[in-house]
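# Coordinate analysis (summary)
If you want the building blocks of each chain, they are given just below.
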Amino acid sequence: MKTVSILGSTGSVGTQVLKVIDRHPEAFRAVGLSAYKNGELLRAQIEKYSPKYYYYPDGAVEVQSSIFDLIEDKKFTKCLSSLEELASMHADITVLAVSGMAGLWAAEAVLKRGGTLAIANKETIVAAGRHLKALEKKFGGKILPLDTEHSAIFELLRGEDKKQVKSLILTASGGALRDLPKEAFSRVTPAEALAHPVWKMGKKITVDSATLFNKGLEVIEAMRLFDVEASAVEVLMHSESVIHSLVELSDGSQKALVSAPDMALAIESALYYPAHGEDSVERISLADIGALHFAKPDFERYPCLAVALEAAKLGEEACIAVSAADEALVEEFLRGKIKFTDIAAVLNKVLGKFSGQKTVDIDDVLSIDEDARKYTYGILGVK
Ligand code: MG
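What counts and how
- Residues numbered from 1 in each chain as written.
- Predicted model: local features only at pLDDT ≥ 70, side-chain atom pairs only at ≥ 80, totals over all residues.
- Heavy atoms only, no water.
- Buried < 20%, exposed > 50% of the residue type's maximum accessible area, 1.4 Å probe, protein only.
- Helix = DSSP H or I, 4+ residues; strand = E, 2+ residues; numbered from the N terminus.
- Pairing = 2+ DSSP bridges.
- Core = buried A, V, L, I, M, F, W, Y, C linked by side-chain atoms within 4.5 Å.
- Contact = heavy atoms within 4.5 Å.
- Phe/Tyr/Trp six-rings, centres within 6.5 Å; stacked < 30°, edge-to-face > 60°.
- Salt bridge = Lys/Arg side-chain N within 4 Å of Asp/Glu carboxyl O.
- Domains from an automatic or database assignment.
- Buried area = accessible area lost by both parts, 1.4 Å probe.
- Axes fitted to C-alpha atoms, helices over the stretch in contact; angles between N-to-C directions.

## What to know about the pairing of strand E10 (residues 243-249)
Of all seven residues that make up E10, seven are buried, and the element is covered over most of its length. Sheet analysis places strand E8 (residues 165-172) next to E10, joined by four bridges and oriented antiparallel. Within E10, the residue paired with Val165 across the bridge is Leu249. Examined bridge by bridge, E10 and strand E11 (residues 254-258) share four bridges and lie antiparallel to one another. Each residue of the ladder has a partner; that of Ile243, found in E11, is Val258. What sits between E10 and E11 in their antiparallel hairpin is a turn of four residues, with Gly252 showing a positive phi close to 95 degrees.

Shown next as structure tokens:
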């Protein structure tokens, strides 16, 4: 029996992790939960799983009012005072499924206790992946990727000699707007950008999938997780989302990971690691699918991808800056304050401002993040 702590248990990834735990009660037990906004769901989860610990942020009034009586009830052990504290409590696996940079300190806390961190939060890896990998090595912990593509690459690299790996190839579905004429992009509404054809995910990542900035972040994520240069990571358009990524070896062969597009595979691969699950996802027949399609990415259609790839080549500072700026821009787009095409336009300006030097420590990361957000809001004229 493995114990699992889920940071961000009421979100899209968190609820999918709990579904996996529900399917395998003999194998996993949820011992830590946390929510940011959804008090009612957190309450239901606390009652169902009786975790040892849970956390919600100070000032989250709705959450507090939903679970007020549970806080007093000793049956539910302990309400902790920070996400970092929850991360520092022992669990065999700690899942980081909160969004944005809020997860950074928690990721650090897991690795500093030599724990296993299953990480879905790509902003944290993009911003501080190199530092987190150093902590993994120093304290003997383990980072397991939950992002589908990176989970696939992690599996494909098992047993391979790193020196014989030539490139990592990330597949991309094309997102919600893949069939829309380019000319119509400036009029895209939040509702249209949120209608992803394959994956059901959180709002920020779904908009990032429509701009393909998500795939750019994933290139940087792959560089940090697998310690490779930007030139060794490629993006391949693949509309069926059946191949979840590929690895090219020195002999010219490519290995692909093929499965139904269901995040449960990545989750079970992490929870069962180093073993595999049983029937983690529905089996598929390639004969039934018949044909798979591939193409190069169209950078005119997806200028945000071009920005992220340029940042990946420039260096850490540029990567942190465009990632932070994008978080702010997507929020403004979802609030109806800017056009869809403004996201790429502003990201390009941010890219021109932040040069790309290496960060020394996590404080550096946070100060670049903050500067990039300020610069972005300055361009938008928002205080
Ligand atoms: Mg992904």
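Having put the structure on the table, let's press on.
## Looking at the nonpolar core
Grouped together as the largest cluster of nonpolar side chains are 120 residues, with contacts concentrated most on Ile21, Val95, Leu146, Leu271, Phe340, Ile343 and Leu347. It is helix H14 (residues 316-334) that contributes the most residues to this core, ten residues altogether. Excluding anything up to four places from it in sequence, Ile21 contacts Val4, Ile6, Phe28, Ala30 and Leu271.

## Examining the packing of aromatic side chains
Summed over all chains, the structure comprises five aromatic pairs. Arranged with centres 5.6 Å apart and planes meeting at 65 degrees, the rings of Phe154 and Tyr273 form a pair that is edge-to-face. One end of the pair, Phe154, is in helix H7 (residues 148-157); the other, Tyr273, is in the loop between helix H11 (264-272) and helix H12 (286-289), and 119 residues separate them in sequence. A relative accessible area of 15% places Phe154 in the buried class. In textbook terms, an aromatic cluster arises when at least three aromatic residues are bridged by ring pairs, as seen for Phe185, Phe333 and Phe340.

## With respect to the pattern of salt bridges
One pass over the full model with this rule turns up 24 salt bridges. Residue Asp279 pairs with Arg283 through a salt bridge whose shortest N-O separation is 2.7 Å. Since its relative accessible area comes to 49%, Asp279 is described here as partly exposed. Between Arg373 and Asp369 there is a salt bridge; the shortest N-O distance is 2.7 Å. With Arg373 and Asp369 both in helix H16 (residues 362-380) and four residues apart, the pair spans about one turn of that helix.

## With respect to the domain arrangement of the protein chain
For the protein chain, the assigned domains are domain 1 (2-145), domain 2 (147-262 + 286-303) and domain 3 (315-383). With centres defined by C-alpha atoms, the gap from domain 1 to domain 3 works out at 27 Å. The interface is formed by ten residues belonging to domain 1 together with 15 residues belonging to domain 3. Interface area, domain 1 with domain 3, both sides summed: about 1000 Å², of which 66% is carbon and sulfur.

## What about the environment of Asp363?
With respect to the helices and strands, the residue Asp363 is situated in helix H16. Spatially, the C-alpha atoms of Asp363 and Gly39 are 32 Å apart, while their sequence positions differ by 324 residues.

## Some words on the sheet that holds E11
Backbone hydrogen bonds hold the strands of a sheet together, and the pairing may be parallel or antiparallel. Strand order in the open sheet formed by four strands is E9-E8-E10-E11, and the pairing between neighbours is mixed. The two strands at the open ends of the sheet, each matched to only one other strand, are strand E9 (233-237) and E11. With strand direction ignored, the average angle separating the axes of adjacent strands in the sheet is 25 degrees. Strands E8, E10 and E11 of the sheet are contacted by H7, whose axis makes an angle of about 40 degrees with E10.

## Topic: the sheet that holds strand E6 (residues 116-119)
One open sheet holds the seven strands; their spatial order is E4-E3-E2-E1-E5-E6-E7, and the pairing between them is parallel. Here the strands that pair on one side only, and so sit at the sheet edges, are strand E4 (78-79) and strand E7 (142-145). The sheet contact formed by strand E1 (residues 2-7) and strand E2 (residues 28-34) spans five bridges and is parallel. In the sheet register, Ser5 faces E2, and the bridge partner there is Gly32. Sheet contacts for helix H1 (residues 12-23): E1, E2 and strand E5 (93-96); angle to E1, the most-contacted strand, approximately 160 degrees.

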